[in-house]
Every structure is written in C-alpha cells, then in structure tokens.
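Spelled out from the first residue to the last, the chains are:
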Amino acid sequence: MSETTTSESEFLVEMRDVHIEGRSDEVWNPIINGVDLTLKRGEVLGLIGESGAGKSTMGLAAMGFCRDGVRIASGSVHFDGIDLLTASAETKRHLLGKRIAYVAQSAAASFNPAHKLIDQHTEAPVQHGVADKSESEVDGIELYRRLRLPNPDEIGFRYPHQVSGGQLQRAMTAMAMSCRPDLIIFDEPTTALDVTTQIEVLASIRDIVEQFNTAAIYITHDLAVVAQMADRIKVLLKGDEVEEADTRTMLSNPQEDYTKSLWAVREFQRPTKPAPPSDATPVISVQNVTAAYGKIDVLHDVSFDIHEGRTVAVVGESGSGKSTAARCITGLLPPRMGQIELDGEPLPPDYRKRNKEQLRQVQMIYQMADTALNPRKTIGEIVGRPVQFYMGLTGRKRRDRVAELLEEIELPAGQYIDRLPSELSGGQKQRIGIARALAAEPKFIICDEVTSALDQLVAEGILRLLAKLQDELKLSYMFITHDLATVKSIADEVVVMKDGEVVEQGPKLEMFKPPHHAYTDLLLSSVPEMDPDWLSNLLAERGVENIGDAAVEKMD
Amino acid sequence: MTSVLTIILQRLGLGLVTLFVVSIVIFTAVNLLPGDFAEAILGQGATPEAVASIRRDLGLDQSPIVRYFQWLGNMVTGDLGTSFAQLNFQTNLGGGDLVGVAEQIAPRFANTMFLAGVTAAIAVPFAVGLGILAALFRNSAFDRATNITTLSSISSPEFFLAYILILFLAVLNPVLPSLSNIFQGMSFGERLEKTLLPALTLTLVVTAHMMRMTRAAIINLLASPYIEMARLKGISPMRVIVRHALPNALAPIINVIALNLAYLITGVVVVEVVFVYPGIGQLFVDSVKIRDIPVVQACCLIFAAAYILLNLTADILSILSNPRLRHPK
C-alpha cells in the first residue's frame, strides 16, 4: 500500500509546523511549539537539547507515535510520502519495525526479560513477513558479528539479564537493523553507559548506519557525542527550535546565545589549591579497607585521605566500588578489614555505634534528588529535621536556621520554605539536598554523582555552589563521579578505581598529564571531545580492538 | 537450577511446619466447641452417667494434650481414626465392620476434587482469556461490560446464582440435570454431565477475581519500556499483550488462581447443598453438627493441606516464571 501513495519527495521524513501537547491534570500543555524537521535518505540528524526540550517526543512523533497522554495537535508528519497523522493504525504498524526502527535509551529495560535476545530480534522480520525465523536468526548472528559483540554465535541465545548493558545496547541496534529499515530513531542510546562502553557502542552504531546507508535521527543531550554521529545538528529548547546547521558549522560557529552557552559549559575551572602540609591530619582517612557484600569482596585494600577544604574525586565506572567506599565511610556497610579515621580518631565501623557528633560530621548528597527527598514533607521540614536533630533548635530558631540555609543555597526562603519537593525543578531539588547536608554543619560531605542526573547548565550551577560553600565553610568533599569533565573542573585530587581497587591516585594536574596508568589512560581517552573527527581519529590511532570493554579485558 | 531446587525444598519444609502449627490450631478450636459428641448424641434428656460412659468409651475423658498427641501420632502414620458416630453405633447396637474416617472421607474427597477440577478446567482459561481481552480493549464497552458482569456474579450469593442457573438451564431449557447425585460406578460422561451445573455456578463465583487480576497485572506492565519497544516494532496489539506482557505478569495471576482453587476445594458447601452434591463440604458440616471430632479434624487438616499445597505450588510456579531464576548468569 505504501507504493501507491509514495510521491517522489526529496525527503524521507518531512515534519512541518508540528505542535505536540501533553496532558497533566486534565489540561493540555504544549511540549513542541511548531518545529519543522526534514531528513534525507541516508542522512543522520542530531537532535540535542536539555531534558524537557521535547527531543524524545519529537523523535517518536517522526514515527507517528505518541506516548500515553501526549498528542500531536497540529502540523504534518510524512514518511516517504505517507501521511503518518492520517494513516490508519494498521498502515503505521506495517511501517514500524519494518521501515522505521527505534533504539531506546535503556536497552536493559527495553528488552523483554521473558524472551531470548534472538527471539526478540527475529520477531519483527517474521511478523512483517520480511524473512522466516531461521533466515532472520542467521542474519541476526551476522549483525552481532558486525557490531563486534563477543561470541556472536551464541550471545543471542541468552536472556537480557545475562548480557551487559553495553552489549545489550548493541544487540538492540542489531534488532533495529533486522528488517533493514530506511530510518532508525536513536533515543539517547549511550546515556546510560560508562564512557569506555559508550565509545564502543558509538563506533559500532556509526559503522552500521554507514554500511547500510540508513537515515537516522540521533537524540542526545551530549554535544560531544552528537558531534561524532551527525551530519546535521538541530538544537531544541523547551519545545522550540533554536537553530540548525551542519555539524562542523554548528561546532565552530554557533549563532544563537543559547547554543553558545551549551558549548561554554565545560569551561568552569577552579583554581588549583596548594598541596596540604605533609604533617596535616586528614579529615577523613580511609585505611586499607576491604569490604564485602555477603561473602563476595567488593573492595580490596582501598586507602585514600581527604584533607580540610579539599575535593577528592573518586572516578570509575559502574561496579568499580566508588559508592561502596562511600557506604563504608558513612558506616552503612561496615568494612571487613581496615578502618576509617575522622580527624585522626578511628570511627566505629557501624553507624549504629557512632555517636551523634561523629554522625554529624559525615553527610551525604545523593544522585537522584527526586527519590532522596520525602515527597510528602515540605522543604522546611526536610531541612528542619537535621537542624533539630543535630543542633537541638526548635520552633522559631529552627525556622530561622532553615531560612538561613536556604539563602545559602540561593533559594529565597520566603518563597520556598513551604513548598513540596514536587513543586521544584531538578536543580532546585538537588540544592535542597545540599541544604539538608549543610544543616548538620559537617566537616565532610560525600557527593554521590550529584550532577549526573542534571542538565549541563544546571549541573554547572550546582558545581559553582558547592565550590562557593567549600571556600566559605572549609568543607571537604568526596566527589563520586564517572564524568571526567566534572573532575577536571572541581577536583583537587583524583582517585581512580576499578573492580574495587584503587588503580591510581594523586593531585589532579598530575593525573591529567601523561604518563598514566593504562586504565586511567583508557578512561581519559574515551571521553568524547567536541571535535567531529575525534572518534575517527581515535579509531585510526588505536584500532577497534583497543577501545572500550575489549581494551579493559586486555588489561586483566 | 540447583538454586531453584533449594528454594522448592525450603518451601516444602516451611509448608510442613505450617501444617503442624495448623494441626494445633485445629485441635484447640475443635475442642473449644461448646458441648461434645456425648452431649450432642444423647440430647436434652442425657443423664450424667450416660454421658460419662460414652465419654469413657471414646476416650474423651483424657486430657486434651494426651488426646492431641495420640491424634497427631495416628495422623502421621496415616490413621485418621474412626468416626465417633460409628464407634457409638457399634458399642450400643453391636454389629459389623467399622468404617474408618479415611474410608469415609475418601469418596467424598474424590467427588470434591472432581468438581473442583471441572470448575478449574472451565474457569481458569475463561477468566484468564477474559482478562486478556479486557486488557486489550481496556476502557471500552466490552471491558466495562465484563467488569460489571463478573463483579455482579461474585457479589451475588452462591445459592442465588445456583437457582438462576437451574431456572435457565434445567427448568426452562432442560439441558442439564438440576440434581448432582453422583455415585460410584458412573461413567465419566455421566459424572461430567451431572457435575456441570454446580461447576458453572462455581465458575461464576471465581471468575471475577482471576479475571480482574489478569487484567490489572497486564495493564500494569503496559507502560514498561519493553512494551513500548514491542509496539514500536509494529507488533499487533494482541501479540503485544499475549507474548510481551503476559509472561511477565504471570506471578500475580498464578497466586490468585491458587487462592481460588483452594476455595473450590474448601468452601463450596452451599453449592453442594443446593445441588445435593456428595462432596466433602456436606460431610464436614454434618460432622460438626454432631461433634464427630475425628471427622471434623481430618476434614480441617485436609483443607489446610490443600491451602498450603496450592499456595506452595503457586509460589514455586511464580519463581519459575522469572527467567532470572531459571537462567542464572
């Protein structure tokens, strides 16, 4: 049926003046306000913007699909001449999976846990009558091989939970390719991955899209990533188009202030502090800590010191033991061996055995401000609780202290003190998390990936605030992160962890200068740069066998 | 697979402990019933001597703890005891062979299991199928009609449903017999025909619960990323539900099915009475009336075992429905 309606249009995808609305509390609010989007055959368009910019909504709309509670209010969406807004559900179903495919952000959540990978891979070809099951299986194995998955012959016969995140993301790309579609929508396919894994996935996605000359819309919030992948870049802000240009022009010569501000984010740099005197007592000293979950050791002989007024960044990929080290310091996970000292005094390993004063000195700020704040308590109560618990202030005095703390985190108390967390933005919630930690007037704060759930501009605001507070209050930070750009901007010292061990540690300047430990080198080299040739150059320099997980395996 | 085996063994052990605790509860509860067999059988004109003599004959004069352990010991060796009614009959009037509780209960229990089996064979596929369709056409007229109908049928008293069915299927259109007087030696076909009406009544009673759980469990999953992925692969709505949602919704559905099956074994007295079906429920009620403690206790223990066993099966099946446990890393 598609053949009859195909007009020889220049564009594969043509979206004109698209308005999309989302419903909340029975009211339709605009998400996209009249954006045009066109894509030629074989072209890759990068769609970037902060969260809430409407990137994913726009990407799904290009498939003629809306999530529940979302509708395309006006405008037109044509795919290869077919009007997707008036097409029947049946017609659209014949396009989806067959000619338009989708790669989701979290492959771990988007693969059905109940079926083997290959069965999910072959489903679309079989259902659309493109190939029978055995043909499609053979093709799937071939695609796994091209995407450089380990054991391509047998990996498809595993269940999703038996395969790592980076491999799943590649298997999902293979699944999208199963019917050789004309268009693939990549919706933040590497956001949930570690840097070393990301680079492998990026390389394979780019490869396979080129090999089959597939058109793609690549949605991401990471400029450096999109620079590697896209021919053209379109910038969205709160449902409006900011600007569009080909990738090189966009990077070298952005026109709009908003785009320029996105480019400038990574320029925040703290001045380097002088090294602490060698005889100073560290605020926190982690000494030869080995810790286990159940019977399995997850930290092996970890030691590092954190001095007054300084920031130690603990860097590593997921599963490297960064957060476990933090749990040992807070006493949530008593170490099996070794000890932790606060100002030269050993802390009891279990938090239940620590006194109030010891508990007060170590505070924590969490990654997901959304879930770390009790949704039923007002800001005044959330921040007031530690004020009362540790400082013994009540009534008027407590409220005054909370107001003071809110001023410190740059939220006017009069306006915010009686609000609920749901009435705040992500960045504001994270600031409340900071205020709650400050309420105890601690010496030492653990920041666990505090900026990784935030947009770049908001994250920078949080980093500046933390830096200001550190200078004013002489705080020490343990900054857990996997983002090396953040490390560059705020850390004084860096601890690199891998598989529960410290592989390298030292002052920041030394750490970012060669020679590195091989793993540090891999981490550093895997961070995408704002250069459209970065990935190509890196691959040319190192070869596909020496990036990502493959390189990590060689090290072991 | 070894982990699954350990889990099953653990659950079995736990089930046995539960059964032991339940046996204490049963024994205590039964002994707390006002009056005993002697008083019940002799009626209002009982002389204290007559009561004492019957009690002595039946061993009711011993302390409850001694009686409990005697009973438990016999149970473990498979001896369910002899009905008081039978014993009393023999002592006073003499006569033939004693029929043990086990032989008394066995045919009744078989009948109950037959009725439960027929009902389950109709109700489970019907309810799950209806739940799938309701989830597929959620918020449509069909969905609402299904919900209203099943809810009304679960809200109506069982005897009322039974009489409605008798009215329509036995009186106005005589397609099925209204009496289910089955006996040994009947052919399977005859049995089935006689059992169909009570089975249909029970189907009406149990469908709502299972159907609504199936619908809710499936709808719960429809917002998952993997369901969105299936839709974006252009899979038909029916296949999205049956192949992508249902396998992940099995655990709660299995649990509700098990609960309803247990109800079919233990809670169908009213339906048995209406259709004069010789099941274990009627025997149980009759025995309570005359304080025939060995029979009451045996029935209670069988009911408890049925509950424990079915819930155990449900637990194990829900564990097995999780691929993470079936296929460890």
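Calculation criteria
Residues numbered from 1 in each chain as written. Chains lettered and ligands numbered in written order. Predicted model: local features only at pLDDT ≥ 70, side-chain atom pairs only at ≥ 80, totals over all residues. Heavy atoms only, no water. Helix = DSSP H or I, 4+ residues; strand = E, 2+ residues; numbered from the N terminus. Buried < 20%, exposed > 50% of the residue type's maximum accessible area, 1.4 Å probe, protein only. Contact = heavy atoms within 4.5 Å. Areas by Shrake-Rupley, 256 points an atom, 1.4 Å probe, with all protein chains shown as cover. Lys, Arg positive; Asp, Glu negative; His and termini not counted. Charge placed at Lys NZ, Arg CZ, Asp CG, Glu CD. Axes fitted to C-alpha atoms, helices over the stretch in contact; angles between N-to-C directions. Parallel < 35°, antiparallel > 145°, perpendicular 65-115°, else oblique. Left-handed = near helix turned anticlockwise from the far one by under 90°. Nonpolar A, V, L, I, M, F, W, Y, C, P; charged D, E, K, R; others polar. Disulfide = S-S within 2.5 Å. 1 Å grid on protein atoms, 1.4 Å probe; cavity = no way out; pocket = protein on both sides within 12 Å on 5 of 7 lines; lining within 4 Å. Points joined across faces, edges and corners; volume = space filled by probe spheres on them. Pairing = 2+ DSSP bridges. Core = buried A, V, L, I, M, F, W, Y, C linked by side-chain atoms within 4.5 Å. Buried area = accessible area lost by both parts, 1.4 Å probe. Salt bridge = Lys/Arg side-chain N within 4 Å of Asp/Glu carboxyl O. Polar contact = N/O pair within 3.5 Å; in protein donor to acceptor, adjacent residues only side chain to side chain. Expected span 1.5 Å × (residues − 1). Bend = angle between axes of the 7 residues up to and from the residue. Domains from an automatic or database assignment.

Asker: Tell me what's going on with the overall build of chain B, and back it up with residues and numbers.
Answerer: In terms of helices and strands, chain B carries 15 helices and zero strands. With respect to the three principal axes, the spread of C-alpha positions in chain B is 85 × 60 × 35 Å. Burial status across chain B gives 43% buried among its 329 residues. Counting contacts in chain B only where the partners sit at least 6 residues apart, residues at least 24 apart contribute 74% of the total. Accessible surface, chain B: about 16200 Å² in total, of which carbon and sulfur atoms supply 68%. Each charge class in chain B can be summarised by its mean position, and for the 20 positive and 17 negative side chains these summaries are 21 Å apart.

Asker: Give a detailed account of the packing of helix α8 (residues 158–172) of chain B against helix α9 (residues 188–221) of chain B, specifying residues and quantitative values.
Answerer: Residue and element names in this part refer to chain B. Interaxial distance between α8 and α9 falls to 9 Å at its minimum, and their mutual angle equals 130°. The orientation of α8 relative to α9 falls into the category oblique. Every pair of crossing elements has a handedness; the one defined by α8 and α9 is right-handed. Contacts between α8 and α9 involve Glu158, Leu161, Ala162, Leu165, Ile166, Leu169 and Ala170 from the first element and Leu197, Leu200, Thr201, Leu204 and Val205 from the second. The residue inventory of the contact of α8 with α9, partitioned by class, reads 10 nonpolar, one polar and one charged.

Asker: Outline the state of the cysteines, listing residues and values.
Answerer: Applying the stated criterion across every chain yields a total of zero disulfides over all chains. With no disulfide of its own, Cys328 of chain A lies closest to Cys447 of chain A among cysteine sulfurs, the gap being 18 Å.

Asker: Residue-level account of the layout of surface pockets, with values.
Answerer: Residue and element names in this part refer to chain A. Computed from the structure, the second largest pocket encloses a volume of approximately 670 Å³. As for the second largest pocket, its lining consists of 23 residues, of which Gln363, Met364, Tyr366, Tyr390 and Arg436 are closest to the centre. Among the secondary structure elements, those contributing two or more residues to the lining of the second largest pocket are α14 (356–361), β16 (362–365), α16 (379–391) and α19 (426–439). Per element, the largest residue contribution to the lining of the second largest pocket is seven residues, and it comes from α16. Grouping the amino acids of the lining of the second largest pocket by side-chain chemistry returns 12 nonpolar, five polar and six charged.

Asker: I'd like a description of the packing of helix α6 (residues 101–136) of chain B against helix α7 (residues 141–155) of chain B, backed by residues and values.
Answerer: Relative orientation and spacing of two packed helices are given, respectively, by the angle between their axes and the distance between those axes. All names here are of chain B. Running from amino to carboxyl end, α6 crosses α7 at an angle of 140°, the nearest separation of the two axes being 8 Å. Taken together, the axes of α6 and α7 are oblique relative to one another. Both α6 and α7 take part in a crossing whose hand is left-handed. Judged by residue contacts, Leu130, Leu133 and Ala134 of α6 engage Phe142, Asp143, Thr146 and Thr150 from α7. Classifying every residue of the contact of α6 with α7 gives four nonpolar, two polar and one charged.

Asker: With reference to specific residues and values, describe the sheet that holds strand β19 (residues 493–498) of chain A.
Answerer: Residue and element names in this part refer to chain A. With mixed pairing, six strands are arranged side by side in an open sheet as β16-β17-β18-β13-β19-β20. The sheet terminates laterally at β16 and β20 (501–507), the two strands that pair on one side only. Going across the sheet, the axis of each strand differs from the next one's by a mean of 20°, ignoring polarity. Where β16 and strand β17 (residues 444–448) come together, four bridges link them in parallel fashion. Across the sheet, the residue bridging to Gln363 is Ile445, located in β17. Of the strands in this sheet, β13 (311–315), β16, β17 and β18 (476–481) are in contact with helix α20 (residues 456–473), which crosses β18 at around 155°. Where helix α23 (residues 518–526) meets the sheet, it contacts β13, β19 and β20, and its direction lies at approximately 105° from that of β19.

Asker: Account for empty space enclosed by the protein, with residues named and values stated.
Answerer: Residue and element names in this part refer to chain A. Overall, the coordinates contain five cavities of 30 Å³ or more when judged by the stated rule. Volume-wise, the largest cavity comes out at about 70 Å³. Every residue along the wall of the largest cavity is listed here: Ile48, Gly49, Glu50, His221, Leu223, Leu262, Asp455 and Gln456.

Asker: Hey, could you go over the nonpolar core for me, with residue numbers and the actual values?
Answerer: Core analysis: the biggest nonpolar cluster contains 90 residues, and Val13, Met15, Met63, Leu183, Ile185 and Ile217 of chain A have the highest contact counts within it. When near neighbours in sequence (up to four residues on either side) are disregarded, Met63 of chain A contacts Leu84, Leu96, Ile100, Ala101, Tyr102 and Ile185 of chain A together with Leu232 of chain B. One finds Ala123, Ile218, Val240 and Tyr277 of chain B within the second-largest nonpolar core, a separate group that totals 59 residues.

Asker: Explain the interface of chain A and chain B residue by residue, including any values.
Answerer: Counting residues at the interface gives 27 residues for chain A, matched by 22 residues for chain B. Summed over both partners, the interface of chain A with chain B comes to about 2400 Å²; 57% of that surface belongs to carbon and sulfur atoms. Lys233 of chain B is paired through a salt bridge with Glu123 of chain A; the nearest N and O atoms lie 3.4 Å apart. Our enumeration of links across chain A and chain B arrives at 14 residue pairs in polar contact (both at pLDDT 80 or more). Among the secondary structure elements, those contributing two or more residues to the side of chain A that touches chain B are β6 (100–103), α4 (107–110), α5 (117–127) and α8 (165–177) of chain A. Across the side of chain A that touches chain B, the residue classes tally to 14 nonpolar, nine polar and four charged.

Asker: For α6 of chain B, give the residues involved together with the corresponding values.
Answerer: The end-to-end C-alpha distance of α6 of chain B is 50 Å, a good match for the 52 Å that 36 residues give at a rise of 1.5 Å each. At Ala120 of chain B, α6 of chain B shows its largest kink, close to 30°.

Asker: Help me get a handle on the domain arrangement of chain A, residues and values and all.
Answerer: Residue and element names in this part refer to chain A. Domains assigned within chain A are domain 1 (2–267) and domain 2 (284–513). Taken over C-alpha atoms, the centre of domain 1 sits 36 Å from the centre of domain 2. Domain 1 puts 12 residues into the contact, and the matching count from domain 2 is seven residues. Buried surface at the junction of domain 1 and domain 2, summed over both partners, amounts to about 1000 Å²; 45% is from carbon and sulfur atoms. There are zero salt bridges connecting domain 1 and domain 2. The tally of links between domain 1 and domain 2 comes to one residue pair in polar contact (both at pLDDT 80 or more).

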